[in-house]
Amino acid sequence: MTVSSTDGRAFDVLAVKADPSLTVSVKPAADHNGARRTANGGTVASGASRYMVTITPKADVPVGRSLATVTLTTNHPDGESVPVHVSLVVSGDVRVSPETLVLTPLGTTANHVTISKTQGEALRILGVESSDPELVADVRTVAKGRQYDISVKYVGKPNRGVLRWSITVKTNERHQRSIVIPVVGAV
């Protein structure tokens, strides 16, 4: 991403504070008009009105969605603290479709989630757990080791209102041992 002063005035990036799951580098933009200077005295980067900020997730960030924060401290009077909110989406070899299950109204057919893996070692579903005993999930093999269908149905009493549950799928996949699928619906 690019961080720049709106008035064109050069400023220094004095510090970077980042979530431990990220690495951050800051350097003057290639097309800035100021002289390139090497940051010193604890300053991260200096001498430009525009900086390229590269934010990279570390290799051990788990599969799934997560949020992180990076805060740049500058000497620009209109931007002494620049917070950056980072949304990380790390995909693994196992695919889930849909990622969130929206239940159909009570009394209709079951809802389905597909769990699949197209390459590598065979995928095994080791179990499925529900956050609510009235939300029942059944697993059916579509293509052994590659694709599974999980049927999800609410079997409880009506008129509970809008609810949020989850289904947790346990697998043999090293980086995706537990896959949590949010389930929402009105019953």
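Residues numbered from 1 in each chain as written. Predicted model: local features only at pLDDT ≥ 70, side-chain atom pairs only at ≥ 80, totals over all residues. Heavy atoms only, no water.

Participant: Go over the overall build of the protein with me, naming the residues and quoting the values.
Facilitator: When you go through the protein residue by residue, the secondary structure sums to zero helices and 15 strands. Taking 16 Å as the expected radius of gyration for a compact globule of 187 residues, we find that the protein reaches 24 Å, considerably beyond that expectation. Viewed in the frame of its principal axes, the protein has a C-alpha envelope of about 70 × 40 × 25 Å. Every one of the 187 residues in the protein was classed for burial, and the buried ones make up 35%. Accessible surface, the protein as shown: approximately 11,200 Å² in total, 51% of it carbon and sulfur. Distance between charge centres in the protein, computed from 21 positive and 16 negative side chains, equals 5 Å. (Helix = DSSP H or I, 4+ residues; strand = E, 2+ residues; numbered from the N terminus. Rg over C-alpha atoms; globule rule 2.2 N^0.38 Å. Buried < 20%, exposed > 50% of the residue type's maximum accessible area, 1.4 Å probe, protein only. Areas by Shrake-Rupley, 256 points an atom, 1.4 Å probe, with all protein chains shown as cover. Lys, Arg positive; Asp, Glu negative; His and termini not counted. Charge placed at Lys NZ, Arg CZ, Asp CG, Glu CD.)

Participant: Before we move on, can you summarise the sheet that holds strand β8 (residues 95–97) with the specific residues and values?
Facilitator: The pairing of strands in a sheet happens through backbone hydrogen bonds and is either parallel or antiparallel. Reading across from one edge, β8-β10-β13-β12 is the order of the four strands in this open sheet, with antiparallel pairing throughout. Either end of the sheet is taken by a strand with one partner, and the two such strands are β8 and β12 (135–143). Mean inter-strand twist for the sheet, computed between neighbouring axes without regard to direction, equals 20°. Note that β12 and strand β13 (residues 147–154) share eight bridges and pair antiparallel. By the bridge assignment for β13, Thr141 is matched with Tyr148. (Pairing = 2+ DSSP bridges. Axes fitted to C-alpha atoms, helices over the stretch in contact; angles between N-to-C directions.)

Participant: Tell me about the packing of aromatic side chains, and name the residues and values.
Facilitator: Inspection of the entire model under this criterion finds two aromatic pairs. When the ring of Phe11 is compared with that of Tyr51, the centres are 5.0 Å apart and the planes differ by 70°; the resulting orientation is edge-to-face. Pair noted here: Phe11 is in strand β2 (residues 11–18) and Tyr51 is in strand β5 (residues 50–57), with a separation of 40 residues, a long-range link. Classification of Tyr51 as buried rests on a relative accessible area of 0%. A centroid spacing of 5.7 Å and a plane angle of 25° characterise the contact between Tyr154 and Trp165, whose relative ring orientation is stacked. Here the residue Tyr154 occupies a position in strand β13, and Trp165 occupies one in strand β14 (residues 162–171), the gap between them amounting to eleven residues. Here Tyr154 and Trp165 have matching classes, each one buried. (Phe/Tyr/Trp six-rings, centres within 6.5 Å; stacked < 30°, edge-to-face > 60°.)

Participant: Which residues make up the sheet that holds strand β1 (residues 2–4), and what are the values?
Facilitator: Spatially, the three strands line up as an open sheet ordered β1-β5-β3, and their pairing is antiparallel. The sheet is open, and its two borders are formed by β1 and β3 (22–28), each paired with just one other strand. Taking each pair of neighbouring strands and ignoring which way they run, the sheet shows an average axis angle of 25°. Bridging between β3 and β5 involves seven bridges; their strand directions are antiparallel. Opposite Val26, over in β5, you have Val53 as the bridge partner.

Participant: Tell me what's going on with the nonpolar core, and back it up with residues and numbers.
Facilitator: Proteins that are soluble and globular tend to have nonpolar side chains buried together. Membership of the largest hydrophobic core comes to 21 residues, with the highest contact counts inside it found for Leu103, Ile115, Leu135, Trp165 and Val169. For this core, the elements supplying multiple residues, two or more each, are β10 (111–116), β13, β14 and β15 (178–186). By size, the runner-up hydrophobic cluster in this structure holds 16 residues, among which are Val3, Val26, Val53 and Val61. (Core = buried A, V, L, I, M, F, W, Y, C linked by side-chain atoms within 4.5 Å.)

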